[in-house]
Amino acid sequence: MKSSNHIKSAEFKISSPKFDACPKTNESEFAFIGRSNVGKSSLINTLTSKKNLAKASSTPGKTQLINFFLINKEWYLVDLPGYGYARVGKEKKNVWNQMIQEYLLQRKQLKNVFLLVDCRHKPLENDLEFIEWLGLNGIPFSIVFTKSDKVSKNELQKNIALYKRILKKTWEELPPVFSTSSLKKEGYEEILDYIHLVLNINE
Ligand code: GTP
Ligand code: MG
């Protein structure tokens, strides 16, 4: 990766409990989303080379706010609440869903959504539904296969191929795909390169 694509500064700015409270900024935003426990906070820490920028924990459902991090004083990394967490009540889940949908549909500076999926699992119904929804609403997204250290290279390729096969049934064009390990610090540079590519296109 180009060394200039490395993250030089990352500052937590604000947590928003609802869409209306999102900061009134103009910088480009890149959002990260996925089921709880998929490794979102860990990936954000890996991308930014910070140990504790996003709180990584083994307790699912910890991140329930929209968190904004200003990167290189240039763009925002946005940590969206995990969906599909069964242990919260229905009412709370609907509040989350509404907040996420409003953000994704209305945030003009949103440039790309990185959807994280665990590379060990077969495509899950609510991830596929979410992909469908992103596609139908014309929201640009990429898929990030997390925890790649947990499977062999062979198995990883097999699981990614299965995902692509399923998406091909509905979509002519497949989204960009990344695979990462926050444990081994692998795969994150490709994501940063992609973000810079999109930033340059939008300049
Ligand atoms: P919520 O905030 O609860 O939605 O979870 P999250 O998606 O932010 O996940 P988090 O980063 O907190 O990671 C969940 C668990 O998976 C933690 O125990 C992490 O240590 C572990 N984990 C995350 N990424 C990796 C990885 O790349 N490899 C391995 N082996 N474990 C990981
Ligand atoms: Mg988290």
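The coordinates are above.
Residues numbered from 1 in each chain as written. Chains lettered and ligands numbered in written order. Predicted model: local features only at pLDDT ≥ 70, side-chain atom pairs only at ≥ 80, totals over all residues. Heavy atoms only, no water.

Q: Give me the lowdown on the packing of aromatic side chains, citing residues and values where you can.
A: In the structure shown here, the tally under the stated rule is 10 aromatic pairs. A ring pair is formed by Phe68 and Tyr76, whose centres lie 6.3 Å apart and whose planes are at 80°; its orientation type is edge-to-face. Tyr76 matches Phe68 in its accessibility class, with the two residues each being buried. When the ring of Phe68 is compared with that of Tyr103, the centres are 6.5 Å apart and the planes differ by 65°; the resulting orientation is edge-to-face. Taken together, the residues Phe68 in strand E3 (residues 66-71) and Tyr103 in helix H2 (residues 90-106) connect sequence positions 35 residues apart. One exposure class covers both Phe68 and Tyr103, and it is buried. (Phe/Tyr/Trp six-rings, centres within 6.5 Å; stacked < 30°, edge-to-face > 60°. Buried < 20%, exposed > 50% of the residue type's maximum accessible area, 1.4 Å probe, protein only. Helix = DSSP H or I, 4+ residues; strand = E, 2+ residues; numbered from the N terminus.)

Q: So what's going on with the sheet that holds E3? Which residues, and what values?
A: In space, the 7 strands of this open sheet follow the order E1-E3-E4-E2-E5-E6-E7, with mixed pairing throughout. The open sheet terminates on both sides in strands that have one partner only, identified here as strand E1 (10-16) and strand E7 (177-179). Adjacent strand axes in the sheet meet at a mean angle of 25° when their direction is disregarded. (Pairing = 2+ DSSP bridges. Axes fitted to C-alpha atoms, helices over the stretch in contact; angles between N-to-C directions.)

Q: Account for the pattern of salt bridges, naming residues and giving values.
A: Summed over the entire model, instances satisfying the criterion amount to 5 salt bridges. Here Lys13 makes a salt bridge to Glu11, at a shortest N to O gap of 3.4 Å. Here Lys13 falls in the partly exposed class, since its relative accessible area comes to 41%. Residue classification places Glu11 among the partly exposed positions, given a relative accessible area of 27%. The partner of Asp118 in a salt bridge is Arg120, with the nearest N and O atoms 2.7 Å apart. Among the residues examined, Asp118 registers a relative accessible area of 9% and is labelled buried. Among the ionic contacts, a cluster of salt bridges with common partners joins Glu11, Lys13 and Lys73. (Salt bridge = Lys/Arg side-chain N within 4 Å of Asp/Glu carboxyl O.)

Q: How would you summarise the nonpolar core if you had to cite specific residues and measurements?
A: Ile66, Val78, Leu80, Tyr103, Leu104, Ile143 and Tyr163 are the most contacted members of the largest nonpolar core, which has 33 residues in total. Mapped by element, the contributors of at least two residues to this core are strand E2 (29-34), E3, strand E4 (75-79), H2, strand E5 (110-118), helix H3 (125-136), strand E6 (141-146) and helix H4 (153-168). At 5 residues, H3 tops the list of elements feeding residues into this core. Ranked by size, the runner-up nonpolar core spans 25 residues in total, among them Ala54, Ile191, Leu192 and Val198. (Core = buried A, V, L, I, M, F, W, Y, C linked by side-chain atoms within 4.5 Å.)

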